[in-house]
Amino acid sequence: MASQLLQLLQSMDSVEVKLTKNSRGIGMRVCGGIDVKSDDFLDHLVRVKCLFPREPAMESGLIDVGDIILEANGQNLVGVTSIESMNILHSTKDVVTLKILKPKTYATRLDRSHLLSPNHSLSSSPCNSLDTFIIDLELVKKDGSLGFTITQIDHEGFFVKELTKEPAILDPRISPSDKILRVNGAEVSSMSCSEVVTFLRSLPDEVHLTLEKRNRPPSPCIEDDEKRLKKQLRHEARMMITDHRSKNESILKTRRDRRRTRDLSEAS
């Protein structure tokens with residue numbers, strides 16, 4: 001059956017997409033593989049699970065959630081495990097050439113081939129479902145501000161409402177709708193909105209955030225966010241993004257080195 005599926009996929013009209021990696025990769029997550037426990041053959045294929053805003057995959061406009069990835073730089077991704085697919089994608093060179101199949105191309109033909117399970121639905125597939133993951137990041141305040149506003153949703157917690165200025169607006173790791181779990185190690189769920197705002201303002205310049213992010217397909221909210229960012233950022237600011245990030249990383253490294261040196265001195 002697997003060989004039949006491979007033969008069928010290779011006979012379909014695929015699309016070739018070239019992406020240039022940045023320091024974070026190509027900006028997407030994948031799911032699926034032959035090791036996935038599922039009766040649906042589609043879940044055994046490597047597919048695009050989510051795209052990250054302002055990253056190469058989304059910026060290309062050629063890749064969508066649900067696309068099957070057949071090859072990456074000539075390496076076959078059909079019949080590999082989920083770990084193997086990630087290793088192949090991570091080990092690619094700076095320019096990545098992906099061979100993909102669009103859902104409108106493969107859905108009908110796979111259904112007619114009876115390789116999909118009778119109850120299969122693209123929209124309800126585990127690969128396309130929303131899930132969450134936790135990230136930790138550090139921001140260095142600029143003029144006493146982290147550069148974002150917050151909102152509180154009853155019974156859910158605090159969320160990033162809008163990115164307004166530096167440093168948040170220049171950091172691709174933080175996005176509107178991110179849930180704020182901890183700030184410098186302190187839980188914020190039990191605080192009131194005014195208490196969180198006061199707490200954030202009282203912190204030193206270097207702030208450690210723990211955020212809960214959601215994997216989801218591109219939405220009008222993300223598209224509107226992209227338009228807003230392009231409107232707000234001056235051309236010179238966009239050109240200086242890389243320099244700004246490097247400077248931030250340098251500041252954080254210097255502070256960590258000083259802290260490490262101080263701890264070693266106290267220990268001795």
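The structure presented is a predicted model; accordingly, all values stated were derived computationally and were not measured. (Residues numbered from 1 in each chain as written. Predicted model: local features only at pLDDT ≥ 70, side-chain atom pairs only at ≥ 80, totals over all residues. Heavy atoms only, no water.)

K.L.:
Just checking my understanding: could you explain the overall build of the chain for this structure?
P.N.:
Each helix and strand in the chain was counted, giving 8 helices and 12 strands. Long-range pairs, those at least 24 residues apart, make up 67% of the contacts in the chain with a sequence separation of at least 6. (Helix = DSSP H or I, 4+ residues; strand = E, 2+ residues; numbered from the N terminus. Contact = heavy atoms within 4.5 Å.)

K.L.:
It is not clear to me how helix H3 (residues 82-90) should be interpreted in this structure. Could you clarify?
P.N.:
The α-helix winds at 3.6 residues per turn, so residues separated by three or four positions along the chain end up facing the same way. Among the residues of H3, Ser85, Ile88 and Leu89 are the ones counted as buried. Buried residues of H3, viewed axially, fall in a sector of 95 degrees; they line one side. Lining the buried residues of H3 we find strand E2 (28-31), strand E4 (68-72), strand E5 (75-76) and strand E6 (95-101). (Buried < 20%, exposed > 50% of the residue type's maximum accessible area, 1.4 Å probe, protein only. Arc of directions from axis to C-beta.)

K.L.:
Honestly, unusual backbone geometry in this entry has me stumped. Any pointers?
P.N.:
Omega for the bond connecting Glu166 with Pro167 falls within 30 degrees of zero, at 5 degrees, which places this linkage in the cis form. Among the structural elements, Pro167 can be located in the loop between strand E9 (157-163) and strand E10 (179-183). Even without being glycine, Asn73 reaches a positive phi, approximately 50 degrees. Assignment of secondary structure puts Asn73 in the loop between E4 and E5. Of note in this structure, Asp143 is not a glycine but carries a positive phi near 55 degrees. Examined against the element boundaries, Asp143 turns out to sit in the loop between strand E7 (131-140) and strand E8 (148-153).

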